[in-house]
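# A look at the structure
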Amino acid sequence: MPVTSAHTLQLARETLDIEAAALLQAKTRLDDRFVDAVKLVLSVQGRVVVTGMGKSGHIGHKIAATLASTGTPAMFVHPGEASHGDLGMIQAIDVVLAISNSGESDELVAILPVLKRLGVPLLAMTGGLSSSLARHADIVLDCSVDKEACPLNLAPTASTTVQLAMGDALAVALLDARGFKPEDFARSHPGGALGRRLLTHVADVMRQGDAVPRVSPDTAFTALMREMSSKGLGATSVTDVDGRVLGVFTDGDLRRLIEKGTDLRNLKACDVMHANPHTIRVDALAVEAAEIMEQRRITSILVVDGSGLLCGALNTNDLMRAKVI
């Protein structure tokens, strides 16, 4: 059949309509069984072992990954492999989440009696409310659909969408019940952008020691410029004898002095410094430093400890190298 724009778009829109309707119907069916499912998962000492065949198995993989990354230990076990040894991965302290649209998948049904003998709580997501899976389950979450989005009403489409959404709903309810926070999520995703933003502290990326430009208030202007140039920060701090920050002088300050025609030869650091500059605590998140720099339209910032003593410095290049921005 030739592909036409009108027909193709019509099928796509009908698919989305059917799947959206299936989700809304699933929403209306939610009741205390969902609450019981959340309580059941929270009560077990072990993991959520997700299982399912075919397309439901693919959905199960995603649900297990979502649960694990949001504070609920979870893993996926293939029901076919379970019959050949992988059942040993499941313990009585676990809970099994079995997914099947019909509830009659042979590989899944074969392991149900064994799970019951082990005393493992069984949570089912199925559209077959009178199926073998539903009869063995302790709690059934209704994932039935009126029809698949497939024009032949055969390929799992609307049913897998409902399964996936139900898994997301379960994960969200569990993370809320566990008091799961952004920093907890970041610990599960240290390699991602969120992990870097929530786990990277100023102390991890700042320049320190001799790499931090610093001068005293009575430092001659020429010496101040040598310090700035040698450290490559585009600025230098001005500190007292104890190391407390008094001010800062930047490349931008230099340009403004030159534009005014200021005679720089006899000036000292205290004459040109910007007093009481913006600083960031050493124990702050690097993303907080980035936000201050963006808001204040500055490219570098001094790092201080709780007493206001200089302990480091960083600029936007440092944050970009750390992939914080």
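The structure we're discussing is the one just above.
Residues numbered from 1 in each chain as written. Predicted model: local features only at pLDDT ≥ 70, side-chain atom pairs only at ≥ 80, totals over all residues. Heavy atoms only, no water.

## Thoughts on the nonpolar core
Ranked by internal contacts, the top residues of the largest apolar core, which has 32 residues, are Val48, Leu97, Leu123, Met125 and Leu170. Sort the elements by how many residues they give to this core and helix H7 (residues 158-177) lands first, with 6 residues. Core analysis: the next-biggest nonpolar cluster, separate from the first, contains 19 residues, Ala82, Leu87, Ala98 and Leu122 among them. (Core = buried A, V, L, I, M, F, W, Y, C linked by side-chain atoms within 4.5 Å. Buried < 20%, exposed > 50% of the residue type's maximum accessible area, 1.4 Å probe, protein only. Helix = DSSP H or I, 4+ residues; strand = E, 2+ residues; numbered from the N terminus.)

## Regarding helix H11 (residues 221-231)
Taken residue by residue, H11 has Phe221, Leu224, Met225, Glu227 and Met228 as its buried positions. Summarising the axial view, the buried residues of H11 lie within an arc of 160°, below the 170-degree limit, and thus occupy one face. Along H11, the residues that are exposed and aim more than 90 degrees away from the buried face are Arg226, Ser229 and Ser230. Where H11 is buried, its residues contact strand E6 (214-215), strand E7 (235-239), strand E8 (245-250), helix H12 (251-260) and helix H13 (269-272). Where H11 ends, the next residue or the one after it, Gly232, has phi of about 65°, a positive value. (Arc of directions from axis to C-beta. Contact = heavy atoms within 4.5 Å.)

## A word on helix H5 (residues 106-118)
Taking the largest bend as the criterion, H5 deviates by roughly 30°, centred on Leu112, and proline Pro113 comes between one and four positions later. The set of residues buried in H5 consists of Leu108, Ile111, Leu112 and Leu115. On its buried face, H5 is in contact with strand E1 (48-52), helix H4 (79-82), strand E3 (95-100), strand E4 (122-126) and helix H6 (132-136). Just beyond H5, the residue with positive phi is Gly119, at close to 75°. (Bend = angle between axes of the 7 residues up to and from the residue.)

## Structural notes on the sheet that holds E3
The strands making up a sheet are joined through hydrogen bonds of the backbone, oriented either antiparallel or parallel. Read from one edge of the open sheet, 5 strands run E2-E1-E3-E4-E5, paired in parallel fashion. Of all the strands in the sheet, the pair left with one neighbour each is strand E2 (74-76) and strand E5 (139-142). The mean angle between the axes of side-by-side strands here comes to 20°, regardless of whether they run parallel or antiparallel. Two strands pair when backbone bridges link them, and E4 and E5 are joined in this way by 4 bridges, in the parallel orientation. (Pairing = 2+ DSSP bridges. Axes fitted to C-alpha atoms, helices over the stretch in contact; angles between N-to-C directions.)

## Quick word on the pairing of E1
The element E1 is extensively covered by neighbouring structure, given that 5 of its 5 residues are classed as buried. Taking every second residue as pointing to the same face, both faces of E1 are buried, with Val48, Val50 and Gly52 on one and Val49 and Thr51 on the other. After leaving E1, the chain enters helix H3 (residues 54-69) and then returns to the sheet as E2, a path that is right-handed. Where E1 lies against E3, 5 bridges are found, and the strand directions are parallel. If you follow Val49 over to E3, its bridge partner there is Val96. (Right-handed = clockwise from strand over helix to strand, strands pointing away.)

That is the geometry; function is a separate question.
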